[in-house]
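Fold and geometry: a report
So the chains spell out like this:
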Amino acid sequence: MPEPHDACESLLQAMVGFDTVNSAISGKPDAERALSVYLEAQAEAMGLDTRRLPVTGEGFNLLVTRQVDGQAPWLLFESHLDTVSVDGMTIDPFGGRVADGRMYGRGTCDTKGTGAAMLWALSRYSRGSGPNNVAILFTLDEEIGKTGVRTFVASQLPDLDWRPAGVIVGEPTRLQAVVAHNGVVRWRIRTEGVAAHSSDPSRGQSAIRAMMEVIEALEERYIARLASEHPLTGRAQCSINLIRGGAQINMIPEHCEIHVDRRVVPGEDPDTVIPAVEGVLEELRTRSPHLTVVQKAPDMVDSPLDPAGGKAFGVFVASVLKSMGLPDELTGVGYGTDASSFSRAGIPAVVLGPGDIAQGHTANEWIELEQLRAGVDVYFNLMMSRELTH
């Protein structure tokens, strides 16, 4: 039996002590597994039911439940366990040091803080007689591929004997209800050249030089012309953020590749992005017949969260916040979350959690302990609300 915690802060401190840097970043398989096993034991010690939902290798989504009535609605909470890299951090990333009303460490803010608050709230809820069935889903791989939530929505949720009335997705929003966010398309564009010895460049064709033409065309005829915007999430964006080319200093480069990041606002279709860029590249090929340029299939496509898909659930969350004297405005953000996967499956989702995204992914990541405690209260009051409907 694990050591019981006396406060949510100590639970979060223990969670931060696990290295869960995303496997695609760290190279460590199933990076979240040890923390998942730990939370499983903690939840069971609290008298909650748990279920492992396999995802990849030894890794699994962890489902923690408290069922009070077979006819009551289900409220689902979700929080991811993986984090970004710890490289360059100026603090002990796994220490969970507490100072000046803050806890420091990778994941304190994004987003182990939300997971700790959810579990602590559910433990408190389970000691009484609340009106709703409640579940927490701890997922894998949000930071890179969203494998955990996508697996849950596609193949694990259909096997459950219940379907949530709505989902609270844990991210640091300073406990403001987020009902809209942007999606993303990430892909690569590659130019081909002809290798030659650098002593006679005329015998070759530089793929880097060709890529300069591609970048100029994208900047002028695609990125600069993006006009879509949403009142809650801002303007559509696109940027070229990685470039790789050449093999060695004395060779004319045969290959060059860029990585492109396109932020898609609610109302835009992510599937239209690649064809639109292809139109620009086709114009470029016509004007420069020597150019060989190819778009790769997207590495990632994640839809935006459209507020139109969950208005009633957003109103429910706002009413609970208002009853607690907290801001009840429904807002939007420019980044993406797991909420869009639930929304695409027809399940209304609101992003809500303690902490500030400005502290996420930083060299000295931290969360205010006052925010963490307030997060427990907000989640608990959502669980206790009798306004949730099927």
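Structure's up top.
One structure accompanies this document, and this report is about it. Note that the structure is a prediction, hence the values are computed from the model and not measured.

Here's the deal with the side chain of Glu9
With respect to the helices and strands, Glu9 occurs in helix H1 (residues 8-16). Apart from residues no more than four positions distant in its own chain, Glu9 is found in contact with Met103, Leu369, Leu372 and Arg373.

A short note on the pattern of salt bridges
For the coordinates displayed, the defined rule picks out 22 salt bridges. The residue Asp302 makes a salt bridge to Arg150 at a minimum N-O spacing of 3.4 Å. Taken as a pair, Asp302 in strand E15 (residues 300-302) and Arg150 in helix H5 (residues 147-156) lie far apart in primary sequence, 152 residues in all. When its relative accessible area of 1% is taken as the criterion, Asp302 is described as buried. The partner of Arg188 in a salt bridge is Asp299, and the shortest N-O contact between them spans 3.0 Å.

Description of the packing of H1 against helix H3 (residues 33-45)
One way to put it is that H1 packs onto H3 with a least axis distance of 10 Å and a crossing angle of 155°. Here H1 lies roughly antiparallel to H3, going by the angle between them. Contacts between H1 and H3 involve Leu11, Ala14 and Met15 from the former and Leu35, Tyr38, Leu39 and Gln42 from the latter.

A closer look at the environment of Val301
Positionally, Val301 belongs in strand E15. Take Val301: its relative accessible area is 32%, and that puts it in the partly exposed class. On a C-alpha basis, the gap between Val301 and Trp187 in space is 8.8 Å, while along the polypeptide they are 114 residues apart. Beyond its immediate stretch of four places on either side in the chain, Val301 contacts Arg150, Val184, Val185 and Pro270.

Description of unusual backbone geometry
A cis amide bond, omega -10°, links Asp110 with the succeeding residue Thr111. Positionally, Thr111 belongs in the loop between strand E5 (102-104) and helix H4 (112-126). Within the chain, Asp141 stands out as a residue other than glycine whose phi angle is a positive 55°. With respect to the secondary-structure elements, Asp141 resides in the loop between strand E6 (133-139) and H5. Owing to a relative accessible area of 14%, Asp141 belongs among the buried residues under this scheme. Although it is not a glycine, His361 adopts a positive phi angle of roughly 65°. Residue position: His361 is located in the loop between strand E17 (349-351) and strand E18 (366-368).

What counts as what
Residues numbered from 1 in each chain as written. Predicted model: local features only at pLDDT ≥ 70, side-chain atom pairs only at ≥ 80, totals over all residues. Heavy atoms only, no water. Helix = DSSP H or I, 4+ residues; strand = E, 2+ residues; numbered from the N terminus. Contact = heavy atoms within 4.5 Å. Salt bridge = Lys/Arg side-chain N within 4 Å of Asp/Glu carboxyl O. Buried < 20%, exposed > 50% of the residue type's maximum accessible area, 1.4 Å probe, protein only. Axes fitted to C-alpha atoms, helices over the stretch in contact; angles between N-to-C directions. Parallel < 35°, antiparallel > 145°, perpendicular 65-115°, else oblique.

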